[in-house]
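Given next are the chains, with one letter for each unit.
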Amino acid sequence: MSNSEQTLSIIKPDAVERNLDSEIKLMFKNKGFKIVQEKKIQIEKSEAERFYKVHETKPFYKDLCEYLSSGPIVVMILEKENAVLANRELMGATNPKDAIDGTIRKKYGLSIDKNSVHGSDSLENAKLEIDFFFKD
Ligand code: IDP
Ligand code: MG
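How each quantity is defined
Residues numbered from 1 in each chain as written. Chains lettered and ligands numbered in written order. Predicted model: local features only at pLDDT ≥ 70, side-chain atom pairs only at ≥ 80, totals over all residues. Heavy atoms only, no water. Near = heavy atom within 4 Å. Polar contact = N/O pair within 3.5 Å; in protein donor to acceptor, adjacent residues only side chain to side chain. Areas by Shrake-Rupley, 256 points an atom, 1.4 Å probe, with all protein chains shown as cover. 1 Å grid on protein atoms, 1.4 Å probe; cavity = no way out; pocket = protein on both sides within 12 Å on 5 of 7 lines; lining within 4 Å. Sits in = over half its atoms within 2 Å of the grid points. Nonpolar A, V, L, I, M, F, W, Y, C, P; charged D, E, K, R; others polar. Buried < 20%, exposed > 50% of the residue type's maximum accessible area, 1.4 Å probe, protein only. Helix = DSSP H or I, 4+ residues; strand = E, 2+ residues; numbered from the N terminus. Arc of directions from axis to C-beta.

Peer 1: What is the right way to look at the site of ligand 1 in this model?
Peer 2: The environment of ligand 1 is formed by Lys12, His55, Phe60, Leu64, Arg88, Thr94, Arg105, Ile112, Asp113 and Asn115. Measuring from an oxygen atom of ligand 1, one finds a side-chain N or O atom of histidine 55 at 3.0 Å. Contact with the protein chains covers 76% of the free accessible surface of ligand 1, which is 520 Å². The cavity that encloses ligand 1 is the largest pocket. Here the residues of the shell around ligand 1 are counted per class, giving three nonpolar, three polar and four charged.

And the structure:
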């Protein structure tokens, strides 16, 4: 039985700035993800605040929103069997120091804040995040 899902991925400013978007997209494709839609954009701080609203009470919220809006990002809809979990696995731990070999954050992440990629953490949030960037 097929359990094809879509999830939202963002290549964050630290990775776009280092021209890593092609390499990161290749890592997704090599794991069997289809990139259904993608666009390179820069968002306003107010949009980043809306996107990361779940983290509003965290001490790092302000820096996080400033960071996500600090430069171009690549947002993508990824599709695959169990895409949400598969993407979280391929991304690796939030802190690149804890990420295991073969993950994007292990390979490219610079620090807990500049960790190169975002991925939806549940199917419900994936739908909301896909709408956030791709519903017109
Ligand atoms: P995730 O990106 O692995 O889902 P979340 O806990 O949802 O991690 O946090 C969202 C983003 O906030 C992280 O990717 C990271 O960039 C940043 N972040 C999380 N925890 C910290 C922290 O303790 N200090 C600074 N930034 C953090
Ligand atoms: Mg998260």
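Alright, that's what it looks like, and here's the rest.
Peer 1: Hey, could you run me through helix 2 (residues 21–30) in this one?
Peer 2: It helps to recall that an α-helix has 3.6 residues per turn; residues three or four apart then point in one direction. Burial in helix 2 covers these residues: Asp21, Ile24, Lys25, Met27 and Phe28. Across the axial projection of helix 2, the buried residues extend over an arc of 150°, all falling on one side. Every exposed residue of helix 2 that faces more than 90 degrees away from the buried side is listed here: Ser22 and Asn30. Of the residues flanking the end of helix 2, it is glycine 32, one or two places downstream, whose phi is positive at about 90°.

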